[in-house]
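# Structural features, examined
One letter stands for each residue in the lines below.
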Amino acid sequence: MIERLARFLEDAEHAIVFTGAGVSAESGIPTFRGRGGLWERFDPQKLATPEGFWEDPMEVWSWYKLRMELIARARPNPAHVVIARLQERGLVKTIITQNIDGLHQRAGARDVVELHGNIWRVRCTGPGCRHRETLAEPPEEIPPRCPACGSLLRPDVVWFGEPLPFREWSRAVEEAERADLVLVVGTSGVVMPAGMIPYIVKRNGGVLVEINVEETGYTQMADLHIRGKAGEVLAQLGGLLGIYP
Ligand code: OAD
Ligand code: ZN
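To keep things clear, this report deals only with the structure shown in the data block.

Definitions and limits used
Residues numbered from 1 in each chain as written. Chains lettered and ligands numbered in written order. Predicted model: local features only at pLDDT ≥ 70, side-chain atom pairs only at ≥ 80, totals over all residues. Heavy atoms only, no water. Helix = DSSP H or I, 4+ residues; strand = E, 2+ residues; numbered from the N terminus. Contact = heavy atoms within 4.5 Å. Buried < 20%, exposed > 50% of the residue type's maximum accessible area, 1.4 Å probe, protein only. Axes fitted to C-alpha atoms, helices over the stretch in contact; angles between N-to-C directions. Parallel < 35°, antiparallel > 145°, perpendicular 65-115°, else oblique. Left-handed = near helix turned anticlockwise from the far one by under 90°. Near = heavy atom within 4 Å. Polar contact = N/O pair within 3.5 Å; in protein donor to acceptor, adjacent residues only side chain to side chain. Areas by Shrake-Rupley, 256 points an atom, 1.4 Å probe, with all protein chains shown as cover. Domains from an automatic or database assignment. Expected span 1.5 Å × (residues − 1). Arc of directions from axis to C-beta. Pairing = 2+ DSSP bridges. Donors = N, O, S within 2.8 Å, 3.2 Å for Na, K, Ca; no water. Phe/Tyr/Trp six-rings, centres within 6.5 Å; stacked < 30°, edge-to-face > 60°. Lys NZ or Arg CZ within 6 Å of the ring centre and 35° of its normal.

## Observations concerning the environment of Val184
Tracing the backbone shows Val184 in strand S7 (residues 181-185). When the C-alpha atoms of Val184 and Glu210 are compared, they prove to be 4.7 Å apart, with 26 residues separating the residues in sequence. In contact with Val184, not counting residues within four places along its chain, are Phe18, Pro198, Leu208, Val209, Glu210, Ile211 and Tyr218.

## Here we look at the side chain of Gln87
Tracing the chain through its elements places Gln87 in helix H6 (residues 78-88). Since its relative accessible area comes to 5%, Gln87 is described here as buried. Discounting residues that sit within four places of it in the chain, Gln87 has contacts with Val92, Lys93, Ile95, Ala109 and Arg110.

## Some words on the packing of H6 against helix H10 (residues 230-241)
Running from amino to carboxyl end, H6 crosses H10 at an angle of 40°, the nearest separation of the two axes being 7 Å. With respect to H10, the element H6 is oriented oblique. Between H6 and H10 lies a crossing of left-handed hand. Between H6 and H10, the residues in contact are Pro78, Ala79, Val82, Ile83 and Leu86 and Ala230, Gly231, Leu234, Ala235, Leu237, Gly238 and Leu241, respectively.

## Points about the site of ligand 1
Surrounding ligand 1, one finds 24 residues, the nearest of these being Phe32, Arg33, Thr187, Ser188 and Asn212. Between ligand 1 and Trp39 there is a distance of 3.1 Å, counted from an oxygen atom to a side-chain nitrogen or oxygen. Take His116: an N or O atom from its side chain is 2.8 Å from an oxygen atom of ligand 1. With the chains in place, 93% of the 790 Å² that ligand 1 exposes on its own is no longer accessible. When residues are assigned to domains, the shell around ligand 1 turns out to be shared by domain 1 (1-29 + 76-116 + 164-245) and domain 2 (30-73 + 118-157), each giving three or more.

## So, helix H8 (residues 166-178)
Taking 1.5 Å per residue as the helical rise, H8 with its 13 residues ought to reach 18 Å, and the 18 Å between its terminal C-alpha atoms agrees with that figure. Of all the residues in H8, the buried ones are Ala172, Glu175 and Ala176. The buried residues of H8 occupy one face: seen down the axis, they fall within an arc of 100°. For H8, the exposed residues lying more than 90 degrees away from the buried face are Phe166, Arg167 and Arg178. Packed against the buried residues of H8 are strand S1 (15-19), strand S2 (94-97), strand S3 (113-114) and helix H9 (197-203).

## Considering the sheet that holds S3
Pairing within the open sheet is parallel, and its six strands lie in the order S3-S2-S1-S7-S8-S9. The open sheet has two edge strands with one neighbour each: S3 and strand S9 (224-227). Note: S2 against S3, two bridges, orientation parallel. Looking across to S3, one finds that Thr97 is bridged to Glu114.

## Overview of the coordination of the zinc ion (ligand 2)
Distances from the zinc ion (ligand 2) to its protein donors, Cys124 (SG), Cys129 (SG), Cys146 (SG) and Cys149 (SG), fall at 2.3 Å. Here the donor residues of the zinc ion (ligand 2) share one chain and are spaced in sequence as C-x4-C-x16-C-x2-C. Taken individually, Cys124 and Cys129 each receive the classification buried, so the pair is uniform in this respect.

## Some thoughts on the packing of aromatic side chains
On inspection of all chains with the given rule, the structure shows nine aromatic pairs. With a centroid separation of 5.6 Å and an interplanar angle of 55°, the aromatic rings of Tyr199 and Tyr218 are classed as tilted. Highlighted residues: Tyr199 in helix H9 and Tyr218 in the loop between strand S8 (207-212) and S9, separated in sequence by 19 residues. Here the aromatic cluster, defined as three or more aromatic residues joined through ring pairs, consists of Phe32, Trp39, Phe42, Phe53, Trp54, Trp63, Tyr64, Trp159 and Phe160. Over the ring of Trp159 we find Arg154, and its NZ or CZ is 3.9 Å from the ring centre.

## Thoughts on the sheet that holds strand S6 (residues 153-157)
The strand order across the open sheet built from three strands is S5-S4-S6, with neighbouring strands paired in antiparallel fashion. Since the sheet does not close on itself, it has two edges, and those belong to strand S5 (132-134) and S6, each with one partner. Within the sheet, the average angular offset between the axes of one strand and its neighbour, ignoring direction, is 35°. Relative to S5, strand S4 (residues 117-124) runs antiparallel, the two sharing three bridges. Note that in S5 the partner of Arg121 across the bridge is Thr134. In this fold helix H5 (residues 57-73) packs onto S4 and S6, with an angle of close to 140° to the strand it touches most, S4.

Coordinates in, geometry out; function isn't part of it.
Below, the structure is given as structure tokens:
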């Protein structure tokens, strides 16, 4: 299976990677769904919607602060590293992620399309205020306030009911339209519109390869489904291609 994946990648002219929370699971960052998933213990309506934020900004911020602390301590795992090296080698053109943890970039990936934002970026909620900043560490005082106008700052991430950032989404669709292969790693694919990306590639006749510890809605249409942990599977691929360790 790993050999087939290597051949698919070598034959592709424009391969893209599409990732979700599962790619960071082996870095110790919990996924959202499934056993032990965040949405089992936490209420997405309270923590990941604009309504929840306005109801209790402190609660939302304390949850994001905890996640920032976890992400700051986490290290990219072999999945992130091999994906970055595939890109360096030219075997993968673009990495599109639903993750907000920045681990692809920390592993050396360039030009990552972040469909759901980034946990280190914050933006002002004040009317007419355009203040944005990238934090170097979790905010000491929560909820943090805008240095320009004093309004509440919010994480610059996509919450349920919110549109995706326009530039990132158009970029992702453009890449998917060009792609002749999509490597889908560690995503349940249930959150739309992000989850459409692999379908676009497939509709245009591209190859779909999936790496996941379980079956998903993509598995039926996958040309190759590799059952396993992203870090382990991709470390093997990296070994075969001589780019890892
Ligand atoms: P999910 O939690 O929905 O799915 C994680 C996927 O990773 C599942 O299919 C698991 O089987 C798989 N998985 C778990 N561990 C793995 C491993 N070690 N190797 C490979 N696969 C593994 O996460 P996403 O698909 O990313 O949105 O969820 C999409 C969006 O829903 C997130 O971006 C977030 C969430 O609500 C927002 O916050 C807007
Ligand atoms: Zn402001």
